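# Fold and contact review
Listed below are the residues making up each chain.
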Amino acid sequence: MTGAAIEADGLGMLYGRRRGWALRDCSFRLPAGRICALVGPNGAGKSTLLALAAGLLRPTEGTVRVLGAADPAGTRHRVAYVAQDKPLYPQLTVAGTLRAGADLNPGTWDGEAAGRIAGPLPHGAKVRSLSGGQRTRLALALALGKRAELLLLDEPMADLDPLARHQLMGALMAEAADHATTIVMSSHILTELEGACDYVLLVDGGRVRLGGESEDLVAAHARITGQVRDLAPHTVIESRTTGRQLSALVRKEGRVDDTAWDVTEPSLEELLLAHLRTPGAPALLTPSAGGPVPGEVAAA
Ligand SMILES: Nc1ncnc2c1ncn2[C@@H]1O[C@H](COP(=O)(O)OP(=O)(O)OP(=O)(O)O)[C@@H](O)[C@H]1O
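Right, let's walk through the structure included here. The structure displayed is predicted, hence computed values, not measured ones.

A word on helix H2 (residues 94–104). Among the residues making up H2, those that are buried are Val94, Thr97, Leu98 and Gly101. Down the axis of H2, the buried set is contained in an arc of 95 degrees. They therefore lie on one face.

Pasting the structure below:
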């Protein structure tokens, strides 16, 4: 098994007693080299999880190991974190910001990578005069220039125009492929993540609900349509009946009887939406994400 970029064990975060848990009982593993989509509704705990992994918050309970280190704060030089509000020094120019990136990362700074991302920006302009999307581009340029092993990106594409989004997503993918960089990217744009990410963590209500390779998570489910009948032994994530017709998304327990139903594979977006609509659906982690290895539970 490859090394883990992030390993969380019973991770919990309470900002204040009256606010309730932002994150609770989170245990999962993210193998190194993956491009992971971090999805979930507003307030699910995505930013909290990223800030814990970046070592900017200390967990209230449990642990999070990052690149093998027990204290994520001690591994910041190997991690680049782009927060949702893209904090930058407003009085610096674009060129000055890139120079600061080089000064702060001696020996590892990749000026060419940063330059490729920052290219379209007005280099003499002060950061405070940049639009939201331009600031995002600059923050991503700093993150890529750092040549980090792990990129933690909190809704990086939210304020980019579609062309910039497409281009920057391509640049991130190229970075990941060339340098085996692990990327964790939170986003609400499920269609965009589908083509780009090979790993998924779905967080809801402060807990990890789905975790693993996108392909394996999709393959563990089926969309079935046909005459209304008992769906056991499969776990129903959501279902709808119209007259005698049934349409359901199920988690497969063994083979689905395709003589009785039309069986198709759901898209990743369909799968995520179904789980978001059904907060009570049981959690599923694939073995690489720390879930049980098939057969092991029965043998135990
Ligand atoms: N600094 C903070 N102080 C107090 N509560 C906080 C703080 N940051 C987040 N929270 C609370 O923790 C919970 C999780 O918030 P978080 O920002 O991690 O969610 P999120 O999934 O990133 O949401 P969004 O998709 O809206 O960005 C929410 O209830 C939020 O109100």
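This brings us to the site of the ligand. Near the ligand you find Tyr15, Arg19, Ala22, Gly40, Asn42, Gly43, Ala44, Gly45, Lys46, Ser47 and Thr48, and these make up its full shell. Here the shell around the ligand takes three residues from helix H1 (residues 46–53), the largest share from any one element. Across the shell around the ligand, the residue classes tally to three nonpolar, six polar and two charged.

Spatially, S2-S1-S4 is the arrangement adopted by the three strands of the open sheet, whose pairing is antiparallel. Each edge of the open sheet carries a strand with a single partner, namely strand S2 (21–31) and strand S4 (61–66). Ignoring which end each strand starts from, the neighbouring axes of this sheet average 15 degrees apart. Looking at chain direction, strand S1 (residues 4–14) and S4 are connected through five bridges and run antiparallel.

The next subject is the nonpolar core. The biggest cluster of nonpolar side chains holds 71 residues, and the ones touching the most others in it are Cys36, Leu152 and Val200. Once residues lying within four places of it in the same chain are set aside, the contact partners of Leu152 are Leu50, Ala53, Ala54, Val79, Tyr81 and Val184. Counting residues in each nonpolar core, the second largest holds seven residues, with Ala222, Ala248, Val250 and Trp261 among its members.

Within strand S6 (residues 150–154), five of the five residues are buried, leaving the element largely enclosed by the surrounding structure. Residues Leu150, Leu152 and Asp154 line one face of S6 and the alternating positions Leu151 and Leu153 line the opposite face, and both faces are buried. As paired elements, strand S5 (residues 79–82) and S6 share four bridges and run parallel to each other. When the sheet's bridge partners are listed, Val79 is paired in S6 with Leu150. With five bridges connecting them, S6 and strand S7 (residues 182–186) associate as parallel partners. Opposite Leu150, over in S7, you have Thr182 as the bridge partner. In this fold, S6 hands off to helix H5 (residues 162–179), which returns the chain to S7; that crossover is right-handed.

This part covers the packing of helix H4 (residues 132–145) against H5. The N-to-C vectors of H4 and H5 enclose an angle of 5 degrees; their axes lie 12 Å apart at closest approach. One finds that H4 runs roughly parallel with respect to H5. Where H4 abuts H5, its residues Gly133, Arg137, Leu140 and Leu144 lie against Ala164, Leu168 and Glu175.

The sheet built from four strands is open, its strands ordered S11-S12-S10-S13 with antiparallel pairing. Here the strands that pair on one side only, and so sit at the sheet edges, are strand S11 (235–242) and strand S13 (262–264). If you compare each strand with its neighbour and ignore which way they point, the axes differ by 15 degrees on average. The pairing of strand S10 (residues 221–227) with S13 spans three bridges and is classified as antiparallel. Directly across from Arg223, in S13, lies its bridge partner Thr264. Contacts from helix H8 (residues 268–277) reach S10, S11 and strand S12 (245–251), with the element oriented near 90 degrees to S11.

The rules we used
- Residues numbered from 1 in each chain as written.
- Predicted model: local features only at pLDDT ≥ 70, side-chain atom pairs only at ≥ 80, totals over all residues.
- Buried ≥ 20, exposed ≤ 12 C-beta atoms within 10 Å, placed from the backbone.
- Helix = DSSP H or I, 4+ residues; strand = E, 2+ residues; numbered from the N terminus.
- Arc of directions from axis to C-beta.
- Near = placed C-beta within 6 Å.
- Nonpolar A, V, L, I, M, F, W, Y, C, P; charged D, E, K, R; others polar.
- Pairing = 2+ DSSP bridges.
- Axes fitted to C-alpha atoms, helices over the stretch in contact; angles between N-to-C directions.
- Core = buried A, V, L, I, M, F, W, Y, C linked by C-beta atoms within 7 Å.
- Contact = placed C-beta atoms within 7 Å.
- Right-handed = clockwise from strand over helix to strand, strands pointing away.
- Parallel < 35°, antiparallel > 145°, perpendicular 65-115°, else oblique.

Treat this as a map of the structure, not an account of what it does.
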